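One-letter residues, chain by chain:
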Amino acid sequence: MDLMKLVIRLLPTRVVLAHCDIPCGIYDPHAAQLAAKTVLKMVSLINELQPSVSEPPFDERKKIISQISRLTRVKEDHAELCKREILILWTDYFKAEHLEKFPNLHDLVWKVTKLCSENKRTVDEGKAAELIEAVDKIAEVFEQTKK
Amino acid sequence: MNIFPIQRFTIHGNSMFPTLRSGQDVLCFNWAYIFSKPKKGDMVIVQSAKFKVQSEIVKRIQKVEGNKVYLIGDNARYSTDSRNFGLIDQSEIIGKVIFVR
């Protein structure tokens, strides 16, 4: 095997494709669905936070603020991720013929991306649930196009 | 038939993941099928007019049917292979992957 290692180092190389027509691309709505669920989970966790007394001591406030910051960050990141994943499907995966079959596709994408932004701004379980539902609709369309 | 017995290739793409990762180098034995026949399980480098791409591709032989082979990627879900382009003539096989770095 050492000889092989030497040979492989000495030879010039060229590209061979381990190839997939979708350029290395992996199109799957699952990432967006997961991100949407994460948003809801983070909103719930933020809403569950309760102080031990109505005017908690400074140390406890620090902990709560720190916790909220962390949860909010994950919420924002995943809302952004969800938006990005959906936009990738929209721009790279879906084709004109899909749009003919599913004329509401543009609207669905528009709605999801708007909901992503809204979920960044708000802490609202209703909006987060709406996002999950809307993403699921796009996932359904995606599944239909795979048949 | 290539006059050089051995050729080096650099993998691009994920259809043979995890066996081959993008960026890895392999050695292809161009004379592998002079005295023996391609067989099921061989990892081969192929060039065919049937491909949408100009470049050679690397896949694994899943079936041998007469003098044609049916190719499939190890990472079948993310692979464009005989399921798309059908059987490939044995004469279109460049060689067999004999070493992966």
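Residues numbered from 1 in each chain as written. Chains lettered and ligands numbered in written order. Predicted model: local features only at pLDDT ≥ 70, side-chain atom pairs only at ≥ 80, totals over all residues. Heavy atoms only, no water.

On to the pairing of strand β5 (residues 68–72) of chain B, then. All names here are of chain B. In terms of residue burial, β5 counts as a mostly covered element, since four of its five residues are buried. Linkage of strand β4 (residues 57–65) to β5, two consecutive antiparallel strands, is achieved through a turn of two residues, within which G66 is found at a positive phi near 60 degrees. Examined bridge by bridge, β5 and strand β6 (residues 88–89) share two bridges and lie antiparallel to one another. Paired with K68 across the two strands is D89, which belongs to β6. (Buried < 20%, exposed > 50% of the residue type's maximum accessible area, 1.4 Å probe, protein only. Helix = DSSP H or I, 4+ residues; strand = E, 2+ residues; numbered from the N terminus. Pairing = 2+ DSSP bridges.)

All names here are of chain A. A surface patch of nonpolar side chains, about 350 Å² in accessible area, is lined by L3, L6 and L10. Structurally, L10 can be placed in helix α1 (residues 2–10). Residue classification places L10 among the exposed positions, given a relative accessible area of 66%. (Patch = residues over 30% accessible without salt bridge, like charges linked within 9 Å, V, L, I, M, F, W, Y side chains within 5 Å. Areas by Shrake-Rupley, 256 points an atom, 1.4 Å probe, with all protein chains shown as cover. Salt bridge = Lys/Arg side-chain N within 4 Å of Asp/Glu carboxyl O.)

Attention shifts here to helix α2 (residues 30–48) of chain A. Residues and elements named next belong to chain A. End to end, α2 covers 27 Å across 19 residues, agreeing with the expected 27 Å (1.5 Å per residue, within 8%). Three or more residues of α2 are buried, namely A32, Q33, A35, A36, T38, V39, M42, V43, S44 and I46. Looking at the packing, one finds that the buried side of α2 touches α3 (58–93), α5 (105–121) and α6 (125–146). (Expected span 1.5 Å × (residues − 1). Contact = heavy atoms within 4.5 Å.)

We now examine the pattern of salt bridges. Residue and element names in this part refer to chain B. Tallied over the entire structure, the rule returns 15 salt bridges over all chains. For D25, the salt bridge identified is with R101, shortest N-O distance 2.9 Å. Taken as a pair, D25 in strand β2 (residues 25–29) and R101 in the segment after β7 (93–100) lie far apart in primary sequence, 76 residues in all. A salt bridge links K63 to E65; its shortest N-O distance comes to 3.9 Å. By relative accessible area, which is 39% here, K63 ends up partly exposed. Since its relative accessible area comes to 38%, E65 is described here as partly exposed.

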